[in-house]
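Structural features, examined
Each chain, letter by letter, is given below.
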Amino acid sequence: MNSNKKEIITEKDLRQISWRALQGATSVNYERFVNKPLVWQIGPALKKIWGDDKEKFSEALERHLSFFLSTPQIKSWFGGLFVALEVELKENPDMDPAYINAVKTSLMGPLSGVFDSLFLNCIRIVACAVGISFAAQGSFLGPILYALIYNIPAFIMYFGTAKIGYRMGTAAVTNLQESGLINKVLEAASILGLIVIGGMVYSNIGVNLALTFGPPEALTSLNDVLNGIFPGLLGFATFFLFYWLLKAKKVNTLYLVFGTLIAVVVLVALGIM
């Protein structure tokens, strides 16, 4: 970090990012998940960076209110990274602000996959195995050992990675700018984001029709026919319908939620679903 960066973001600011990361699940919504805790986490640092320009500060807050979801234990690292990118944006007027959210989109999925597996499928299992073995013998050490084995690595991540993320962020942006790779990163992040969204749509949106046709002894499901032509076709159609209603028609999310519930009840009652 050069001297200008040190003047803007200090060690104290990075420690504050780490402390605030502990509250990363205090406000969760199914539209953008933990975007508000992220803004709470890095808000004071954003104010230090953009405090002299209210319009830019507002743009920064809006920028980080986009969709965000990650393994809780790496929120400090992400906080340091995003603050570093904001510092670079302020000091380099040629930098595209869209790059920040492109980095967010490209990293939160793969890194969460890695650290979800590490903490939930590895460390937690080991902690449970040790804790249960002691508790089964009637030892009070069971829950204590579980808490220690699981939380010590977690707190190391919380309080040891904000500075790493900050340093990596500034270095990464500088190297990308010097090598001219930013446009390629943006394009790659966009492609990755579309792939992830496509996979999520196919995996999480299930629209099943109960309609059948043909002779009673050999009924054919309309749902199977459509999936044979295009697997997940109805799910993708539903996704693009919702996207059009949200983007083009500016329909309120709550109206979509309750409208979907009513529509599903009616369609099931009619025997269509």
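Further up the page is the structure itself.
Treat the numbers as computed from the prediction; the structure is a model and nothing was measured.

Let us now look at the nonpolar core. Ranked by internal contacts, the top residues of the largest apolar core, which has 38 residues, are Ile9, Phe78, Phe82 and Val83. Looking at this core, the elements with two or more residues in it are α2 (11-21), α3 (35-50), α4 (54-63), α5 (75-91), α6 (98-136), α7 (141-160) and α8 (162-179). Top contributing element to this core by residue count: α5, with nine residues. The residues touching Phe78, leaving out its near neighbours within four places in the chain, are Phe68, Ser70, Leu107, Met108 and Leu111.

Within the secondary structure layout, Ser70 lies in the loop between α4 and α5. Judged by its relative accessible area of 7%, Ser70 falls in the buried class. Taking the C-alpha atoms as reference, Ser70 lies 9.6 Å from Gly24; in sequence the two are 46 residues apart. Once residues within four sequence positions are removed from consideration, Ser70 is found in contact with Lys75, Phe78 and Ser112.

So, on to a negative patch on the surface. Together, Asp53, Glu55, Glu59 and Glu62 line one region of the surface with negative charge. Within the fold, Glu59 resides in helix α4. By relative accessible area, Glu59 is classed as partly exposed at 34%.

Bringing α4 into the picture now. Of all the positions in α4, only Phe57, Ala60 and Arg63 are classed as buried. Taken down its axis, α4 places every buried residue within 120 degrees of arc, on the same side. Projecting away from the buried face of α4 at angles above 90 degrees are the exposed residues Lys54, Glu55 and Glu62. Lining the buried residues of α4 we find α3, α5 and α6.

Conventions adopted
Sequence order as written defines the numbering, with residues in each chain counted from 1. The predicted nature of this model means local features are confined to residues of pLDDT at least 70 and side-chain atom pairs, given and counted, to a pLDDT of 80 or more, with totals for whole chains, interfaces and linings taken over all residues. Each side-chain value is worked out from all heavy atoms of the structure, with water and hydrogens disregarded. The definition of a nonpolar core used throughout is a set of buried Ala, Val, Leu, Ile, Met, Phe, Trp, Tyr and Cys residues joined through side-chain atoms within 4.5 Å. Type-normalised accessible area, obtained with a 1.4 Å probe on protein chains alone, sets the label of each residue: buried when under 20%, exposed when over 50%, and partly exposed for intermediate values. The helix count covers DSSP runs of H or I at least four residues long, the strand count covers runs of E at least two residues long, and both are numbered beginning at the N terminus. Two residues qualify as a contact provided that any one of their heavy atoms is within 4.5 Å of a heavy atom in the partner residue. Patches here are clusters of residues that have more than 30% relative accessible area and form no salt bridge, with a 9 Å joining cutoff for like charges and a 5 Å cutoff for nonpolar side chains (Val, Leu, Ile, Met, Phe, Trp, Tyr). Per-residue and other accessible areas were derived by the Shrake-Rupley procedure at a 1.4 Å probe size, with only the shown protein chains allowed to occlude residues. Counted as salt bridges are all cases of a side-chain nitrogen of Lys or Arg within 4 Å of a carboxyl oxygen of Asp or Glu. Note on charges: Lys and Arg go in the positive column, Asp and Glu in the negative column, and His and the chain ends are not counted at all. The atoms used to mark charge sites are NZ of Lys, CZ of Arg, CG of Asp and CD of Glu. By construction, the arc corresponds to the directions joining the helix axis to the C-beta atoms.

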